[in-house]
Amino acid sequence: MPDPALLIVDVQRDFCPGGALAVPGGDEVVPLINALAPQYRQVVLTQDWHPADHSSFASQHDGHAVFATKQMHYGPQVLWPDHCVAGGDGAALHPALDVPHAQLILRKGVHRAVDSYSAFLEADRVTRTGLDGWLTSRGITEVHVCGLATDFCVAWTALDARRFGFDVTVIEDACRAIDLDGSLARAWDEMAAAGVRRARLADILPT
Ligand code: VGL
Ligand code: ZN
């Protein structure tokens, strides 16, 4: 019997309307995820969790605009508005998110010099968060992914889950996207090529 874990990615104040890096309609996923999560025995929440001087922040790079791309030692990096500063209000999970049976809250992007969209591997593509081991040591072979943002942290998490050998499904209507210069279409193409499946809430929720 497959017993997929649900990965709820970055449903935080800063990614919702009024937040520092608001994803359009970001808060709309909250009631959907609240309905979805009880279908899963194992639930993981992730939080984007940056030091105040994180190198993904445009504010740390003189002469660089927000949403510009800069070449870093590990590859291209979009420069974001300051967001999800560790311990700050914007980094808090959305207050209406109601998933009390979640067993793990995983914080990522914690190292100043390297971003981490993925909940598995930082942007240097080497440093692990340990999530692969947490899942594997519990016998989990399949993950379902939802949350924010489809084209960044959800996509990178789904792609890395495939890299680590998990069966992966993204629940598309329980996600919302940033969509910067075609990033959403690119993300879906990459996920399809990697064998990430796409489902909708109605496929999962009991009728
Ligand atoms: C995210 C941009 C910067 C995300 C995190 O959660 O998708 N996007 N940091
Ligand atoms: Zn971030």
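Rules used in this analysis
Residues numbered from 1 in each chain as written. Chains lettered and ligands numbered in written order. Predicted model: local features only at pLDDT ≥ 70, side-chain atom pairs only at ≥ 80, totals over all residues. Heavy atoms only, no water. UniProt positions renumbered as here; feature names shortened; annotations may be inferred. Helix = DSSP H or I, 4+ residues; strand = E, 2+ residues; numbered from the N terminus. Rg over C-alpha atoms; globule rule 2.2 N^0.38 Å. Pairing = 2+ DSSP bridges. Axes fitted to C-alpha atoms, helices over the stretch in contact; angles between N-to-C directions. Contact = heavy atoms within 4.5 Å. Donors = N, O, S within 2.8 Å, 3.2 Å for Na, K, Ca; no water. Tetrahedral: all angles 85-135°; square planar, octahedral: opposite > 155°, others 65-115°. Buried < 20%, exposed > 50% of the residue type's maximum accessible area, 1.4 Å probe, protein only. Core = buried A, V, L, I, M, F, W, Y, C linked by side-chain atoms within 4.5 Å. Salt bridge = Lys/Arg side-chain N within 4 Å of Asp/Glu carboxyl O.

Looking at an unreviewed UniProt entry, one finds the protein named Nicotinamidase and attributed to Neoroseomonas lacus. Per UniProt, the protein has the following entry under Pathway (unreviewed entry): "Cofactor biosynthesis; nicotinate biosynthesis; nicotinate from nicotinamide: step 1/1." The UniProt entry for the protein carries the following text under Sequence similarities (unreviewed entry): "Belongs to the isochorismatase family."

Asks: Please set out the overall build of the protein residue by residue, giving values where relevant.
Replies: Within the protein, the secondary structure is distributed over 5 helices and 8 strands. In sequence order, the protein lays out its α and β elements as β-α-β-β-β-β-α-β-α-β-α-β-α. For the protein, the C-alpha radius of gyration of 16 Å lies close to 17 Å, the compact-globule estimate for 207 residues. Taking the principal axes of its C-alpha atoms as reference, the protein extends roughly 55 × 35 × 30 Å.

Asks: Which residues make up the sheet that holds strand E5 (residues 104–108), and what values go with them?
Replies: An order of E5-E2-E1-E6-E7-E8 is seen for the 6 strands of this open sheet, with the pairing classed as parallel. Sheet topology places E5 and strand E8 (197–199) at the edges, where each strand pairs with a single neighbour. This sheet shows a mean twist of 25° between the axes of neighbouring strands, independent of strand direction. Looking at chain direction, strand E1 (residues 5–9) and strand E6 (residues 142–148) are connected through 5 bridges and run parallel. By the bridge assignment, Leu7 is partnered in E6 with Val145. Along the sheet, helix H3 (residues 150–163) makes contact with E1, E5, E6 and strand E7 (167–176), crossing E6 at roughly 170°.

Asks: Explain the coordination of the zinc ion (ligand 2) to me, and be specific about the residues and the numbers.
Replies: Each donor-metal-donor angle in an ideal tetrahedron of four donors is 109.5 degrees, and each such angle in an ideal octahedron of six donors is either 90 or 180 degrees. Protein coordination at the zinc ion (ligand 2): the donors are Asp48 (OD), His50 (NE2) and His83 (NE2), at 2.0 to 2.2 Å from the metal. Around the zinc ion (ligand 2) sit 4 donor atoms; with metal-centred angles ranging over 86 to 170°, the donor geometry is irregular. Coordination of the zinc ion (ligand 2) draws on donor residues from a single chain, spaced D-x1-H-x32-H in sequence. Within this pair, whereas His50 is found in the loop between strand E2 (42–48) and strand E3 (69–72), its partner His83 is found in the loop between strand E4 (75–78) and E5, the two being separated by 33 residues in sequence. In this pair, the class of His50 matches that of His83, namely buried.

Asks: Run through H3, naming residues and quoting values.
Replies: Most of H3 is tucked away: 11 of the 14 residues are buried. When we look at burial in H3, the residues that qualify are Thr150, Asp151, Phe152, Cys153, Val154, Ala155, Thr157, Ala158, Leu159, Asp160 and Ala161. Contact partners of the buried residues in H3: E1, E4, E5, E6, E7 and helix H4 (183–193). Backbone geometry just after H3 places Gly165 at a positive phi near 95°.

Asks: So what's going on with the nonpolar core? Which residues, and what values?
Replies: Counting residues in each nonpolar core, the largest one holds 60 residues, and the members touching the most others are Leu131 and Val143. In contact with Leu131, other than residues within four places in its own chain, are Leu7, Val44, Leu104, Leu106, Ala119 and Phe120.

Asks: Lay out the pattern of salt bridges with the relevant residues and their values.
Replies: Overall, the coordinates contain 11 salt bridges when judged by the stated rule. Asp167 is paired through a salt bridge with Arg197; the nearest N and O atoms lie 3.5 Å apart. With Asp167 in strand E7 and Arg197 in strand E8, this pair connects stretches of sequence that are 30 residues apart. Among the residues examined, Asp167 registers a relative accessible area of 34% and is labelled partly exposed. Arg200 is paired through a salt bridge with Asp173; the nearest N and O atoms lie 3.6 Å apart. You can see Arg200 sitting in the loop between E8 and helix H5 (201–204) and its partner Asp173 sitting in strand E7, a full 27 residues away along the chain. Residue classification places Asp173 among the buried residues on the basis of a relative accessible area of 18%. Taken together, the shared-partner salt bridges in this structure form one network comprising Glu172, Asp173, Arg198 and Arg200.

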